[in-house]
Amino acid sequence: MEGFTPVLSTIGGVLIGFAAIALLYFNGRIAGISGIMGGVLRPQKSDTLWRAVFLAGLVTGAALILLLHPAAMDLRFDVSDSTIILGGFLVGIGTRIGTGCTSGHGVCGVGRLAPRSLIASAVFVGFAIATATLVRHVWEGF
Amino acid sequence: MLGYLVVFLSGTLFAIGLGVSGMTLPQKVIGFLDLGGDWDPSLILVMVGSAGVYLLFYRWIKQRSSPLFDTEFHIPARSDIDQRLLVGAGLFGIGWGLVGLCPGPAMTALVSGHPEALIFFTAMVTGMYAHRTVEQFAENRTPTGSMSDG
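Residues numbered from 1 in each chain as written. Chains lettered and ligands numbered in written order. Predicted model: local features only at pLDDT ≥ 70, side-chain atom pairs only at ≥ 80, totals over all residues. Heavy atoms only, no water.

Undergrad: I'd love a proper account of the overall build of chain A, names of residues and values included.
TA: The helix and strand inventory of chain A stands at 6 helices and 0 strands. Ordered by position from N to C terminus, the α and β elements of chain A give α-α-α-α-α-α. Counting only C-alpha atoms and orienting by the principal axes, one finds that chain A spans roughly 45 × 35 × 30 Å. Across the 142 residues in chain A, those meeting the buried criterion constitute 56%. Contacts spanning at least 24 positions in sequence make up 40% of the contacts within chain A whose residues lie at least 6 apart. Working note: accessible area of chain A is about 5700 Å², and carbon and sulfur atoms make up 71% of it. Averaging the locations of the 9 positively and 6 negatively charged side chains of chain A gives two centres separated by 21 Å. (Helix = DSSP H or I, 4+ residues; strand = E, 2+ residues; numbered from the N terminus. Buried < 20%, exposed > 50% of the residue type's maximum accessible area, 1.4 Å probe, protein only. Contact = heavy atoms within 4.5 Å. Areas by Shrake-Rupley, 256 points an atom, 1.4 Å probe, with all protein chains shown as cover. Lys, Arg positive; Asp, Glu negative; His and termini not counted. Charge placed at Lys NZ, Arg CZ, Asp CG, Glu CD.)

Okay, structure coming up:
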């Protein structure tokens, strides 16, 4: 799984797009993972079940990947556990403050040409590129 | 009931798309985000493929008055660019760039059994709870409900 994978990444992207657009067409919902998770953590009547079902589907899909294509589950981390904790916390609080992540803003929002999502996506991709590059080449030992 | 089946299958297909594209792997995401290494542009094609499909079908779906299994579409109506959006996206970007996991892959990673995946997921949920706690505190402090964005 090293290096550029143009065919598989395009096919995978198209599958993600179909998964997200199906949720809109059939259920009228935005496939934003952080929003769906946030809704489960803050349960409201009649709005929690579909979120839990979607997340159960996501985990089931992950189990299928592990069975059929285990190379895609061979995760490697190149940072310390404390950096992983900091990163996880920032992803959690940031996606809630900014009301979306790579799926909600990046796929569904950009796919609707929504101004908030276009701006948010540019900001998080920009900050992610800057951070990933800086901590791996300038502030080493993070 | 059929509606919930579609929701479930959408989640499953979403995860399979992540796996096929390689986006379940933090090292592949970092391969794109880290400009100083052996750069891997795969993530661009994932974004183009997924947003492209959405763009193509959204134009057609938005002409419908309602989705198949619900009475209305639940689409965000806001279009203002406020400080929260920018600060939140910035914080998310920093966390994503540090580790290489965003919320979807953080969830699929749990199945991999890697201890780091569980550490990341726990920290992420803690961050989501922290936001919720601060919001509730702010709501209680301002009974009129007029929260300032500043």
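From this point, the narrative continues.
Undergrad: So what's going on with the environment of B:Asp40? Residues and values would help.
TA: Mapping B:Asp40 onto the fold places it in the loop between α2 (26–33) and α3 (42–61). A relative accessible area of 5% places B:Asp40 in the buried class. Between the C-alpha atom of B:Asp40 and that of B:Ile30, which follows or precedes it by 10 residues, the distance is 8.6 Å. Look past the residues within four positions of B:Asp40 in its chain and what remains in contact with it is A:Gly3, A:Phe4, A:Thr5, B:Lys28, B:Gly31 and B:Phe32. A polar side-chain atom of B:Asp40 sits 2.5 Å from a polar atom in the side chain of B:Ser42. (Polar contact = N/O pair within 3.5 Å; in protein donor to acceptor, adjacent residues only side chain to side chain.)

Undergrad: With reference to specific residues and values, describe unusual backbone geometry.
TA: Peptide bonds are, in most cases, trans, and in most cases residues other than glycine have a negative phi. Non-glycine residue A:Thr99 carries a positive phi angle of around 50 degrees. Residue A:Thr99 is classed as partly exposed on the basis of its relative accessible area of 45%.

Undergrad: Before we move on, can you summarise the state of the cysteines with the specific residues and values?
TA: Two cysteines, two sulfur atoms, one covalent bond between them: this is a disulfide. Scanning all chains against the criterion turns up 0 disulfides over all chains. Just so you know, A:Cys101 is unpaired, no disulfide at all, and the nearest cysteine sulfur is the one on B:Cys102, 6.2 Å from it. Note on A:Cys101: relative accessible area 1%, which makes it buried. What makes B:Cys102 buried here is its relative accessible area of 9%. (Disulfide = S-S within 2.5 Å.)

Undergrad: Go over the pattern of salt bridges, please, and point to the residues and values.
TA: On inspection of all chains with the given rule, the structure shows 8 salt bridges over all chains. Residues A:Arg116 and B:Asp82 are paired through a salt bridge, measuring 3.1 Å at the closest nitrogen-oxygen approach. Here B:Asp82 lies in the loop between α3 and α4 (83–99) and A:Arg116 lies in helix α6 (residues 115–137), a pairing that spans two chains. Side by side, A:Arg116 and B:Asp82 carry an identical accessibility label, which is buried. (Salt bridge = Lys/Arg side-chain N within 4 Å of Asp/Glu carboxyl O.)

Undergrad: Could you give an account of the interface of chain A and chain B, naming the residues involved and the relevant values?
TA: Taken together, the 108 residues of chain A in the interface contact 104 residues of chain B. Roughly 9700 Å² of surface becomes buried between chain A and chain B when both sides are summed, with 77% attributable to carbon and sulfur atoms. On the chain A side of the interface with chain B, the three residues burying the most area are A:Tyr25, A:Leu41 and A:Arg116, jointly 8% of the side's total. Along the contact surface separating chain A from chain B lie 1 salt bridge. Summed over the shared surface of chain A and chain B, the number is 25 residue pairs in polar contact (both at pLDDT 80 or more). Listing elements by their share of the side of chain A that touches chain B, those giving two or more residues are α1 (6–27), α2 (33–41), α3 (49–68), α4 (81–97), α5 (102–111) and α6 of chain A. A per-element tally of the side of chain A that touches chain B places α1(A) first, with 21 residues. (Buried area = accessible area lost by both parts, 1.4 Å probe.)

Undergrad: Tell me what's going on with a nonpolar patch on the surface, and back it up with residues and numbers.
TA: Residues and elements named next belong to chain B. Nonpolar side chains collect at one region of the surface, where Leu-2, Leu-5, Leu-9, Leu-68 and Phe-69 lie side by side and expose about 450 Å² of accessible area between them. Looking at the element boundaries, Leu-9 is found in helix α1 (residues 2–21). Under the relative-accessibility criterion, Leu-9 is labelled partly exposed at 48%. (Patch = residues over 30% accessible without salt bridge, like charges linked within 9 Å, V, L, I, M, F, W, Y side chains within 5 Å.)

Undergrad: Could you give an account of the domain arrangement of chain B, with specific residues and numbers?
TA: All names here are of chain B. Here the domain parsing of chain B yields domain 1 (1–75) and domain 2 (81–150). Inter-centroid distance (C-alpha atoms) of domain 1 to domain 2 is 20 Å. Counting residues at the interface gives 9 residues for domain 1 and 8 residues for domain 2. Between domain 1 and domain 2 the total buried area reaches about 640 Å² when both faces are included, carbon and sulfur atoms providing 79% of it. Between domain 1 and domain 2 we count 0 salt bridges in total. Where domain 1 touches domain 2, the interface holds 0 residue pairs in polar contact (both at pLDDT 80 or more). (Domains from an automatic or database assignment.)

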